[in-house]
Amino acid sequence: MIELITELSDFQIIVTTTKNLTKPIFSKLLFIYVVFYLYAILGAKLYGGKINLASVTKHSPSSPGFYYLLNFNSFSASLVTLFHFMVVNNWFVTIDMYQLVTGHQTRPLLFFISFWCFVVLILLNVLIALILEIYSSVEPEVAMKAKKVNLTMQLSQIVNAVDKDSQADRFTQVRKQLAEMEKKSNEDVSDVSSARFL
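Residues numbered from 1 in each chain as written. Predicted model: local features only at pLDDT ≥ 70, side-chain atom pairs only at ≥ 80, totals over all residues. Heavy atoms only, no water.

On the surface, Leu30, Phe31, Tyr33, Val34, Tyr37, Leu38, Ile41, Phe75, Phe118, Leu121, Ile122 and Val126 cluster together into a nonpolar patch covering about 1100 Å² of accessible area. Listed by contribution, the elements that provide at least two residues to the nonpolar patch are α1 (2-47) and α5 (106-159). The greatest single-element share of the nonpolar patch, amounting to seven residues, is contributed by α1. Position of Val126 among the secondary structure elements: in helix α5. (Patch = residues over 30% accessible without salt bridge, like charges linked within 9 Å, V, L, I, M, F, W, Y side chains within 5 Å. Areas by Shrake-Rupley, 256 points an atom, 1.4 Å probe, with all protein chains shown as cover. Salt bridge = Lys/Arg side-chain N within 4 Å of Asp/Glu carboxyl O. Helix = DSSP H or I, 4+ residues; strand = E, 2+ residues; numbered from the N terminus.)

What follows is the structure, encoded as structure tokens:
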């Protein structure tokens, strides 16, 4: 029974973290989407229509097959191209292709490296820090709830005991602990709520 309670307590941490993450994480993901959108529009202005099968075959024949699809010819292709750079998937091959096709050495390099620095080094790190902060604040809250459940079960056992006179002192003691925990959780509710992350 104790193993089940501890497993449920660990699962409760995950559930509570997910519940507390929903509202703050949407604003961060929306901001990441806005950055993707801005870079997709800028990429369409700079490279729209320049990367296609014919231009890649002519100027960069050493590029792997289907890499010409990493272009800014449409909004969806732009998002895929930017995601490709965000996860750093053969970025040097794609930058070489853009440099050879456009004839510029520094412009594609600055464009893609600035995107990667802004999204990965700043925005995704902020997102991960938010997740870790909410997770660390949820653990004490769940531990407090588990202790309350344990004390409530003890109270139930005391109330259902056969010898009620000998359990009166124990009942008062457990009830007092439960009241103190309730008072403390009401005082600390602002510290563990997800409102401070918004």
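Before going further, it helps to examine the environment of Leu21. Here Leu21 lies in helix α1. Look at Leu21 and you get buried, because its relative accessible area is 11%. Excluding anything up to four places from it in sequence, Leu21 contacts Leu130, Ile131 and Ile134. (Buried < 20%, exposed > 50% of the residue type's maximum accessible area, 1.4 Å probe, protein only. Contact = heavy atoms within 4.5 Å.)

As a further point, take the packing of helix α3 (residues 75-86) against helix α4 (residues 91-102). As a packed pair, α3 and α4 sit with axes 9 Å apart at the nearest point and diverge in direction by 130°. The angle between α3 and α4 falls in the class oblique. The interaxial crossing formed by α3 with α4 has left-handed handedness. Of α4, the residues touching α3 (which contributes Thr81, His84 and Phe85) are Trp91, Thr94, Ile95 and Tyr98. Partitioned by chemical class, the residues of the contact of α3 with α4 number four nonpolar, three polar and no charged. (Axes fitted to C-alpha atoms, helices over the stretch in contact; angles between N-to-C directions. Parallel < 35°, antiparallel > 145°, perpendicular 65-115°, else oblique. Left-handed = near helix turned anticlockwise from the far one by under 90°. Nonpolar A, V, L, I, M, F, W, Y, C, P; charged D, E, K, R; others polar.)

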